[in-house]
Amino acid sequence: MTKIIVNATHKGGEGKTTNSIMLAEYCALVKKYKTLIIDMDPQANFSGRYIQMEYDPAYRGGKIPAIHPDYESNVDSEWDGRSSIANIFYGEEVVPYPTSIPNLELLPAHSHKLQEAEAVTKNEVLEKVHLQLKRFLELPDVRDSYDIIIIDTPPSKGPLTIAAVKAASHIVIPAQMEQFSIEGIYGMLQLWKQESYYRTKNNPIDLIGILPNQVRDIKLHKQFLEGLKMMKGVSDYVMPRVIKKRAIYTEILVEDANPKSIFELPPHNVARLEYESACQYIMERVFSHGKEKSISNQ
Amino acid sequence: MAKKKVFQISNALTEGLEETVSAAHNYSGELRVEAISLKKIELDPENPRDMALTFEDLTQGIDKADPDYQRKIEERTSLQTLANSVREQGIINPIMVYKQGDKYRLIAGERRTLASILAGKTEVQAKILDSKPDELKISLLQWMENVERKDLSLWERLMNLEKILSSYATHKKVTLQDITPTDIGRLLGCSLPHAMNFTAVLQADATLKSHIRVNKIKNLEKAALIAGIQSDDVKQSAIEACMEGATLKKLKSISTQDKAKKTLAVSPALPITRGRQMTLVNLGTTKKIPVARLIIDSVLQHEKVTHLRKHFSDLNWADYKAINHAFKQLLLTLEKLEV
Ligand SMILES: Nc1ncnc2c1ncn2[C@@H]1O[C@H](COP(=O)(O)OP(=O)(O)O)[C@@H](O)[C@H]1O
Ligand SMILES: [Mg+2]
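Residues numbered from 1 in each chain as written. Chains lettered and ligands numbered in written order. Predicted model: local features only at pLDDT ≥ 70, side-chain atom pairs only at ≥ 80, totals over all residues. Heavy atoms only, no water.

Regarding the site of ligand 1
Residue and element names in this part refer to chain A.
- The local shell around ligand 1 holds 16 residues, among which Gly 13, Lys 16, Thr 17, Thr 18 and Asn 213 are the closest.
- The separation between an oxygen atom of ligand 1 and a polar main-chain atom of Gly 13 is 2.7 Å.
- Glu 14 has a polar backbone atom sitting 3.1 Å from an oxygen atom of ligand 1.
- When ligand 1 sits alone it has 550 Å² of accessible area, and the protein chains cover 80% of it.
- Every element with two or more residues in the shell around ligand 1 is listed here: helix H1 (16–30) and helix H9 (247–251).
- When grouped by side-chain class, the residues that make up the shell around ligand 1 number three nonpolar, eight polar and five charged. (Near = heavy atom within 4 Å. Polar contact = N/O pair within 3.5 Å; in protein donor to acceptor, adjacent residues only side chain to side chain. Areas by Shrake-Rupley, 256 points an atom, 1.4 Å probe, with all protein chains shown as cover. Helix = DSSP H or I, 4+ residues; strand = E, 2+ residues; numbered from the N terminus. Nonpolar A, V, L, I, M, F, W, Y, C, P; charged D, E, K, R; others polar.)

Below, the structure written as structure tokens:
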């Protein structure tokens, strides 16, 4: 079955988008999995890495996806040529965008539409928003087209993040080893806990764990990491991998970077080795679990 | 030399993280909803029923010779509206069952189950428990479901909690007062500070509670802060400020007036509201003799006890009993010395 990984934590700047990018490119470039990526963050940074995003003429500062390459104005009379994941909340059709990376397709963000979904407060509507992504990703069309789906989320615990968690089979919590980040971890663990109450054995929500990110060789980071590893129960969810703070992780994102992906660097490059090892760990957890399950079910 | 800095994750945060993970493990799947075959559902013979109509009456027709014939016909007619709605949109609220062999025993939702059969369905959405729940379990399940619902008022949450705690007390054969915030945290899977706030508000006086009941005070943290204020005047002004929308920070600054006053007043005996009162220090135990030796040796460095050193010079450091005895003596002597 298609696995769905969500990168989430309600604090910003922790590495959700970075980790979504790395996982996406690892899956598509290295593993050659058929990969779908979804951007649930109105800031649309994840989308902007793979397709042209334009400023929304109607809402200042908002971003909308560029016209879809398959769009033909004289044939498609019902469609305005743009498509985003937010369409699922409006009963509109969703058309994934191809990217320059083979095997990698994107459902981009739409700032204003996502913000509207995030701002929902009425209970009946809220329940629909919470379940909508799950319903969409359960469609046989979607399941059959991809091996893996990777979702980036906004820095919040709101409806969009909850929707992503409800749709997920696996969660990754990227976090810096700093005070507010640990509080962010707490918030995410609570969402995971609440969701796990509702899951069946055949459809569990698996917390792969906390991925320590932007780690530097300073006492604060070491001691917070040690602190997490000492906690009862929590220690099982601290990934045995660490991502250091390295300029290359930011530099590779600029438009004319060469190469374009960490996984196109020479095989022995330290940054490539480091992130490849983290991605490998995550993907082994994601797929080995599935195997165990299918064996035990037979 | 500058003091060495140690960066630690706070105790409250640590406890919160640990409890969250343990609640996720303990209660995973507790609220799951699955479609189960209506054929597999049976009534719980221990539960009294309001209705005479049985599952078989619906599948096989009601027997004319049945002494309850007339009553059953009426019951079936009264189910028709619900059955129509089930036919159109399924049941909105899942029924609740527990596993009994390869069958499911009904806990809640008799009418919904009967209406589903009447609607010609083969399956029904059900919340499935692994075993027959007691009252505590049922209120806990309600809690787990309700904490996610944002439209629940503070008062409703408190009432829910009170129900859970009294079931828990009965279950454990303890009184309500014996339940500590740690117990509450474990029960609900919430953090200790959160549990302490609940404890404080549950024990609040009638005035504060009446404001919570009418939803004039809605925030748990604020309510807990006010509940902790001793002086009536200060408490009253905190309540007023809270209802006017004061922030937690503002309320904290009001409550410090309370603390300032308390040191001035001839302090009356303070009621113990949180945890057990401690009047002794337990120095703990260790299996490691070198550790015990290090502690004793360090104490003996103190100038006031130099005269005791000779008692330890011929202590057998391989004998746990002898070390225990010697340490107790040392403590007694230190207490007398009033160091
Ligand atoms: N390991 C790292 N080393 C250096 N910079 C990083 C690292 N991880 C993330 N960054 C940078 O930190 C910023 C925030 O990261 P991002 O992934 O956008 O966080 P989030 O999506 O959680 O808000 C970005 O500019 C990103 O390039
Ligand atoms: Mg981001």
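Observations concerning the packing of aromatic side chains
All names here are of chain A.
- Overall, the coordinates contain seven aromatic pairs over all chains when judged by the stated rule.
- Aromatic side chains Tyr 71 and Trp 79 sit 5.4 Å apart centroid to centroid with 90° between the ring planes, which places their arrangement in the edge-to-face category.
- Trp 79 gets classed as buried once you look at its relative accessible area, which sits at 18%.
- Here the basic side chain of Lys 113 rests over the ring of Tyr 90, its NZ or CZ set 5.5 Å away from the ring centre. (Phe/Tyr/Trp six-rings, centres within 6.5 Å; stacked < 30°, edge-to-face > 60°. Buried < 20%, exposed > 50% of the residue type's maximum accessible area, 1.4 Å probe, protein only. Lys NZ or Arg CZ within 6 Å of the ring centre and 35° of its normal.)

A closer look at a nonpolar patch on the surface
All names here are of chain B.
- Taken together, the side chains of Val 281, Leu 283 and Leu 331 make up a nonpolar region of the molecular surface, amounting to roughly 300 Å² of accessible area.
- The residue Leu 283 is located in the loop between helix H13 (248–264) and helix H14 (289–300) in this model.
- When its relative accessible area of 54% is taken as the criterion, Leu 283 is described as exposed. (Patch = residues over 30% accessible without salt bridge, like charges linked within 9 Å, V, L, I, M, F, W, Y side chains within 5 Å. Salt bridge = Lys/Arg side-chain N within 4 Å of Asp/Glu carboxyl O.)

Side note on the environment of Arg49(B)
Residue and element names in this part refer to chain B.
- Relative to the assigned elements, Arg 49 resides in the loop between strand E2 (41–42) and helix H2 (55–60).
- For the pair Arg 49 and Glu 110, spaced 61 residues apart in sequence, the C-alpha to C-alpha distance is 9.0 Å.
- Residues within four places of Arg 49 in sequence aside, it is in contact with Leu 43, Thr 54, Glu 110 and Leu 114.
- Within the structure, Arg 49 has its side chain in polar contact with the backbone oxygen of Met 51 (distance 3.4 Å).
- Side-chain polar atoms of Arg 49 contact the backbone oxygen of Leu 53, separated by 2.6 Å. (Contact = heavy atoms within 4.5 Å.)

Topic: helix H9 (residues 192–202) of chain B
- Burial analysis of H9(B) places eight of its eleven residues in the buried class, the great majority of the element.
- Taken residue by residue, H9(B) has Leu192(B), Ala195(B), Asn197(B), Phe198(B), Thr199(B), Ala200(B), Val201(B) and Leu202(B) as its buried positions.

Focus on the sheet that holds strand E1 (residues 3–7) of chain A
Residue and element names in this part refer to chain A.
- Strands sit in the order E5-E6-E2-E7-E1-E8-E9 across an open sheet of seven strands; the sheet is mixed. In this open sheet, the two strands that pair with only one neighbour each are strand E5 (97–98) and strand E9 (206–212).
- H1 contacts E1, strand E2 (35–39), strand E6 (104–107), strand E7 (148–152), strand E8 (170–175) and E9 of the sheet and is inclined by roughly 165° relative to E7. (Pairing = 2+ DSSP bridges. Axes fitted to C-alpha atoms, helices over the stretch in contact; angles between N-to-C directions.)

A word on the domain arrangement of chain B
- Looking at the assigned domains, one finds that chain B contains domain 1 (28–132), domain 2 (154–266) and domain 3 (289–337).
- Summarising the inter-unit geometry, the C-alpha centres of domain 1 of chain B and domain 3 of chain B are found 73 Å apart. (Domains from an automatic or database assignment.)

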